[in-house]
Amino acid sequence: MQVNWKVNMVISAMVTVGAYFAADTFLEFKWWVDVIIALFFGGIVNQLILRDKKEDSEIEVVPGLTRQELKEKLTLGRDWTKMIEKLARELDRTHPETAAKVRDITGTVSALFTNFEKDPKDLTTNNARRLLNDHLPRAHKFLTAYAGLALAERLTDNEQAKLADMENKVSTIQESFSRHLEAFRNNDFTQLQVEGQSMETIYNLDI
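Quick look at the structure, then.

About the thresholds
Residues numbered from 1 in each chain as written. Predicted model: local features only at pLDDT ≥ 70, side-chain atom pairs only at ≥ 80, totals over all residues. Heavy atoms only, no water. Helix = DSSP H or I, 4+ residues; strand = E, 2+ residues; numbered from the N terminus. Buried < 20%, exposed > 50% of the residue type's maximum accessible area, 1.4 Å probe, protein only. Contact = heavy atoms within 4.5 Å. Areas by Shrake-Rupley, 256 points an atom, 1.4 Å probe, with all protein chains shown as cover. Salt bridge = Lys/Arg side-chain N within 4 Å of Asp/Glu carboxyl O. Phe/Tyr/Trp six-rings, centres within 6.5 Å; stacked < 30°, edge-to-face > 60°.

**What about the overall build of the protein?**
Of the regular secondary structure elements, the protein holds 6 helices and 2 strands. Start at the N end of the protein and walk to the C end: the helices and strands fall as α-α-β-β-α-α-α-α. Residue burial in the protein is summarised as follows: out of 207 residues, 29% are buried. Across the protein, every contact between residues at least 6 apart in sequence was considered, and the portion connecting residues at least 24 apart equals 68%. In the form shown here, the protein has an accessible surface area of approximately 14,200 Å², with 57% of it arising from carbon and sulfur atoms.

Structural data, given as structure tokens:
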């Protein structure tokens, strides 16, 4: 049977101590042999009879998403946030307006993964898979390339013009991630509206 790991440890310890005293009382072995026997029986109870809690990879937080997968996705989100924020800091001195846009993207990415933490079922959608597997990697690749050129020395006028044109793409990324966040929260707002309507109906009936 499966029990809480703390209960498991307590029961295993009790079995170990009980086995030691039983061996010491009824068997004519040296004390260290009694200890080995006790540990053997305690180990059997711990590993075979009183199995510990399931591994995170076996527990589903929502259908189609295990606890381990959720942890990995949230860790990935923190990594994306740190990497994009690093690019914003690099751009602060020479391109403050673009840095502000990149920092806003950082905030949106952080909010996206906070939403996933609170509402894990969103991670099972096609939109989440596109965000994680395509949109985020592409955005980071573009922003990294942009920052590398923006911080390059002695750009020509032609290069400056091309770089300015690329700044519009930063705004596109910013807007795209904001739409992602809004889409994931749509269900929450819909549910809130339904709850509000139900509450209003019940209150009206009670008056």
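**Brief notes about the side chain of His140**
Within the fold, His140 resides in helix α5 (residues 126-150). What His140 contacts, discounting residues up to four positions off in sequence, is Trp80, Met83, Ile84 and Leu87.

**Quick notes on the pattern of salt bridges**
Inspection of every chain in the model, using the stated rule, returns 6 salt bridges. Between Arg89 and Glu85 there is a salt bridge whose closest N-O contact spans 3.9 Å. You can see Arg89 and its partner Glu85 sitting in helix α3 (residues 67-91), 4 residues apart, about one turn around the helix. One salt bridge in this structure joins Arg138 and Asp134, with 2.4 Å as the shortest N-O distance.

**Overview of the packing of aromatic side chains**
Per the counting criterion, the structure on display carries 2 aromatic pairs. Ring plane angle 90° and centroid distance 5.4 Å describe the contact between Phe113 and Phe116, whose orientation is recorded as edge-to-face. Residue Phe113 and its partner Phe116 are located together in helix α4 (residues 96-118), separated by 3 residues, close to a single helical turn. Here a set of aromatic residues connected by ring pairs shows up, and it is made of Phe113, Phe116 and Phe184.

Function cannot be read off these values alone, since they describe shape.
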